[in-house]
Each structure stands twice: as C-alpha cells, then as structure tokens.
Amino acid sequence: MLRGLRDVPRTAWLLAAGGFFNMVVAFTFVYFFVYLTDERGLSVAQAGLISGIGGAGMVAGNFTGGWFGDKYGHRRVLLAGSVVSGAGVLALPVLPVALLYVVPLLGQYAGGCVRAANGALLAVTVPQGGRRQAFAVMRCATNAGFTVGPPLGALLIAQASYSWLFVVDGLGTLAFAAYAWRVLPAHGAARTAADHDPGAPGVFAALRRRPTVLILLAAILVTDLVYRQQYSTLPVDLDRHGLDTGVYGWLLAINGGAILLLELPAALALRGRAPLRIIGTGLLLVGAGYGALALGTGVGTAVTMMLLLTAGEILYKTPAAAYIADQSPAHVQGRFQSLYSGVSVSGVVLAAPLGGALYTVAPGLLWPLCAVLAAVAGGVVLAAGARSPSAEKGGGPDPRPAPGSATETGSPARRPAG
C-alpha cells in the first residue's frame, strides 16, 4: 500500500490537501435551505426553487469547466472559479431576495468549474497507470473534509449566527484560491500543434472513436440518478415505515466511515485489475443495495442496502474517473473530465424530482426500478469490457494522436517519466 502511495505525484497530494480544506469550510450548501426558510422567512417553495437553481448551476459548471480549462488552463479555471464562488458566498447574507435567485446560481456554477478543473489537473499531471491512486487520494481527502465540515458548521450556527457561517465559508474558499495560486505556479495553457491543427480530432470525434467511454458515461448518468435517491426519497421512505431520522443519520455515518476507511486501500489493491470489470461490478452492487430495500424497508434491509451501496461506490467512482482520464487524448483531457464530472453529479438536480414523482404515485415501484436500472448499467459496462479487451487496459493511443500536450502541468513538481 505504501509503495502505491509513493507513486502518487506531489501535485496530487497538494491538490488533495487543498480539497480537504475546501470541503471543511464548504458547509453553506448543507444549511442553505434551512437558512432561506428560517432566517430569511421564505416559503418552502421559494427555498426549493432557489436551491434548485443553484444545483443546476453546479451541474452546468461541472459540464463546462474542462472546456474552459483546455483553452485557458485548468489552474486558471480553478483560481477564477474559487474566487467567484468565495465572493458569492460572502455576499449571501446581505443580498436582497431577488438576487438570491441569481448569485447562488453563479457561485454554484463557479464551484462546478472548480471541481472539473481539479479532476483535469489530476488527469494531466499524473501519468497513465497512476491515476486510480491519485483520484482515490483526492476522494479520500474531500470525503474526510466533508465529514468534518457540517458538524463545524452546525457549531458555528449555534455559537454565532448564519452570517458567520457564510463569512467563514467565503473566506475559506478565497484562502483555498490563494493556496492554489501559491503551490500551483502558472505555466500557462500550453498551446501545441494539436490546438492549431484543423485535422486534430475534437472532443466529439474522440468520443466516437471510444465507444466504451460513451457507454460508461451513459451508465454513470443512470446510476447517479439511482445512487442519489439516498439523499431524497430514502429518508422519506424510512419515515413512512416508522424509522426516525436517527436511523437515517446512522446509515449516512456507515457510508461515510466505510468510504474513508476502505476506498483508498481498495483502489491500491485493485490498481492492476481491468477497470471496466471493477466499475461494472460496483454498479451491480449499487443495484443490489436497492434490491435489498425492494424486499421491504426495515432496519436490517436499510443497513444491508447502505453496505452494498457503499461497496459499489468504492468500486466504481474512483476507477471511472481514472478510466476517463486514461482514455482521453491529451488536447481534450479537460473536456473528457468535464463530461464525467457532469454526469457524475447529474443526480443532484434530477434524482429528487424524478424519484419523488415516482414515489408519490407508486411508492412500491421505486426501489425495484432503481435496482433494475443500476443492474442494467453495470451489465452493460461489463459487456463493453468483455467485447473490447483493449479498452480494459485503461486507455490506449489515439487513432490519430495529436503531437505534444495541450495541457498545463500546473505544478512545481515534474511529471514522472514513463
């Protein structure tokens, strides 16, 4: 395990440290809905609309951040997005209600761009063969930060006020931007022959030449709609069956604790295994988790569901991000990462309304349908890997490789050879 961690470049550790700090202070969105209803006195419908608009901005930022990064440099996108996001959070307590429909949208969009830039920076600074470890280190750091952040936010609200929550979050995000500016010195967005060659394949041409990437993106999109039901319809269903919020809190604790303990060791132990098989198995486990709930909602089935869901998340999320990076041509690395980032958070906007609508009209159908959708997604990914053994190597040369690299290193550390 230690040898695998030594292979992770310094840049990845620097980004992971920044990601940990950023998630520790990023507690505003956890309490934003309650702030709007309790502190601002808005109706539940108004608060839901404002929160939904912000969520849509976040997803849009994930989808587009890598496109900006490929053109202007991923480090620049990370810095600009962090500054805009931090300034937007700082402004929230003094905004009139009308601007609450606009500023969170811009701030969340900038935050989504930052997430895409983080993934792209990892992809362009870590060589193929080491990306699973690097993405696992980043996920471990950000999950650890998120574990610490919300309780600190609750303490800040109790001891001070919501206004201080926004001040700490906003200043912390700006501090993260300063940290990134300091430890990731600019090298510019390196323009190469590929950028000026009209014959160099664009992102859609590159995707058409990599059908397994398209299959994986579609599978992740479907699975994220299913996966994020744990944050919307699951607590509603637990309450309907007499299980209080304490049970739900323990389920989330099981999920967070298991990921912190097991995801990085699993990524290191499985780094030599075929990626699509690991990803497909993970998606099947997500389906099996909801299949357990389909048998009936109780403490036992709920715990079983969360254990299976967590095992599936550990298996599919890190290898999927690394696989997309390994498959991408250098000059569109950011755009590939943006596509993955976007589909991997699509459930933030879509899961609650779609799951809630189905649960309203046919509550007994939701969990079986979730199980089937995730199982089909997993089966399709496994079949794609079996049909294309070369794709299971985690990437290969572009059929028409572009010379050079159209990315920046964004790091004081040299890229390891090989």
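Above this note sits the structure.
Keep in mind that this is a model prediction, so the values were computed, not measured.

Colleague: Can you tell me about the packing of helix α7 (residues 131-159) against helix α8 (residues 162-183), naming the residues and giving the values?
Modeller: Relative orientation of the contacting elements α7 and α8 amounts to 135 degrees, with a least axis distance of 7 Å. Relative to α8, the element α7 lies oblique. The interaxial crossing formed by α7 with α8 has right-handed handedness. Where α7 abuts α8, its residues G153, L156 and I157 lie against Y162, W164, L165 and V168. For the contact of α7 with α8, the class distribution of residues is six nonpolar, one polar and no charged.

Colleague: Any details on the nonpolar core? Residues and values, ideally.
Modeller: With 75 residues, the main nonpolar core has L78, I279 and Y290 as its most contacted residues. For this core, the element with the most residues is helix α15 (residues 299-327), which contributes eleven residues. The contacts of L78, once residues within four sequence positions are left out, are L15, V114, A117, N118, L121, F176 and A180. Counting residues in hydrophobic clusters, the runner-up holds 17 residues, among them F32, A47, L95 and V103.

Colleague: Just give me the short version of α8, but keep the residues and values in it.
Modeller: For α8, with 22 residues, the first-to-last C-alpha span of 32 Å sits near the 32 Å given by 1.5 Å per residue. Taken together, the buried positions of α8 are Y162, L165, F166, D169, G170, G172, T173, F176, A177, A180 and V183. Down the axis of α8, the buried side of the element spans an arc of 165 degrees, and every buried residue falls inside it. Relative to its buried face, α8 has exposed residues pointing more than 90 degrees away, namely W181 and R182.

Colleague: With reference to specific residues and values, describe the packing of helix α3 (residues 28-39) against α7.
Modeller: Interhelical geometry of α3 versus α7 gives an angle of 40 degrees and a closest axis separation of 9 Å. By the angle between their axes, α3 is oblique relative to α7. Residues F29, V30 and Y31 of α3 touch α7, and the partners they reach there are F146, P150, P151, G153, A154 and I157. Grouping the constituent residues of the contact of α3 with α7 by class yields eight nonpolar, one polar and no charged.

What counts, and where the lines are drawn
Residues numbered from 1 in each chain as written. Predicted model: local features only at pLDDT ≥ 70, side-chain atom pairs only at ≥ 80, totals over all residues. Heavy atoms only, no water. Axes fitted to C-alpha atoms, helices over the stretch in contact; angles between N-to-C directions. Helix = DSSP H or I, 4+ residues; strand = E, 2+ residues; numbered from the N terminus. Parallel < 35°, antiparallel > 145°, perpendicular 65-115°, else oblique. Left-handed = near helix turned anticlockwise from the far one by under 90°. Contact = heavy atoms within 4.5 Å. Nonpolar A, V, L, I, M, F, W, Y, C, P; charged D, E, K, R; others polar. Core = buried A, V, L, I, M, F, W, Y, C linked by side-chain atoms within 4.5 Å. Buried < 20%, exposed > 50% of the residue type's maximum accessible area, 1.4 Å probe, protein only. Expected span 1.5 Å × (residues − 1). Arc of directions from axis to C-beta.

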